[in-house]
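Architecture and fold: a report
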Amino acid sequence: LYHGSDNEFGLSVTYTGGNTCDNGEGSRSLQVNVLCDNTQIEIPEYSVVTEALSDESCTYELNINSVYGCPLECPRNEETGEVCSNHGKCSTTSVLSNTQVDVIGCICDSEWDGDSCSE
């Protein structure tokens, strides 16, 4: 998961064991982040790889904004593929009853309603 234990932000995969760093200490690694974006249906043709921590870190980061980073529990518009009809955010909320339960769903913008924020 990209942000701790909360899957609403996206997912992250880290590849380690790359070439030796220029300073001779350790090896290069790449963290690929697929970040939840309600409207980015197509995978981009290119993205910028950045060195995440410092010039000496040998850790690189690639961020891709896409609906594919959003939890599958949130509804997608059948015609456009947009998550939460692009009128809200796919999010985890805690529901208190006898025990705390995390529920994933659309949190709609103020003027929208319904499970998919389409009403």
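Values in this document were obtained by computation on a predicted structure and should not be read as measured data. (Residues numbered from 1 in each chain as written. Predicted model: local features only at pLDDT ≥ 70, side-chain atom pairs only at ≥ 80, totals over all residues. Heavy atoms only, no water.)

Details of unusual backbone geometry
Positive phi values are uncommon outside glycine, yet Asn-86 reaches one of about 55°. In this fold, Asn-86 is placed in the loop between strand E4 (59–66) and strand E5 (88–96). (Helix = DSSP H or I, 4+ residues; strand = E, 2+ residues; numbered from the N terminus.)

Quick notes on the side chain of Ser-29
Tracing the chain through its elements places Ser-29 in strand E2 (residues 29–36). Contacts of Ser-29, omitting those with residues within four sequence positions, involve Tyr-15, Thr-16, Cys-58, Thr-59 and Tyr-60. (Contact = heavy atoms within 4.5 Å.)

Re the state of the cysteines
Inspection of every chain in the model, using the stated rule, returns five disulfides. Cys-84 shares a disulfide with Cys-106; S-S distance 2.1 Å. Taking the sign of the S-S torsion, about -90° here, the bridge from Cys-84 to Cys-106 comes out left-handed. On the criterion of sequence distance, the pair formed by Cys-84 in the loop between E4 and E5 and Cys-106 in strand E6 (residues 100–108) is long-range, its members being 22 residues apart. Residue classification places Cys-106 among the buried residues on the basis of a relative accessible area of 14%. Residue Cys-108 pairs covalently with Cys-117 via a disulfide, S to S 2.2 Å. Because the torsion about its S-S bond is -95°, the bridge between Cys-108 and Cys-117 counts as left-handed. Ordering the disulfide-forming cysteines of the protein chain by sequence position, one finds them joined as 1-3, 2-4, 5-7, 6-8, 9-10. (Disulfide = S-S within 2.5 Å. Buried < 20%, exposed > 50% of the residue type's maximum accessible area, 1.4 Å probe, protein only.)

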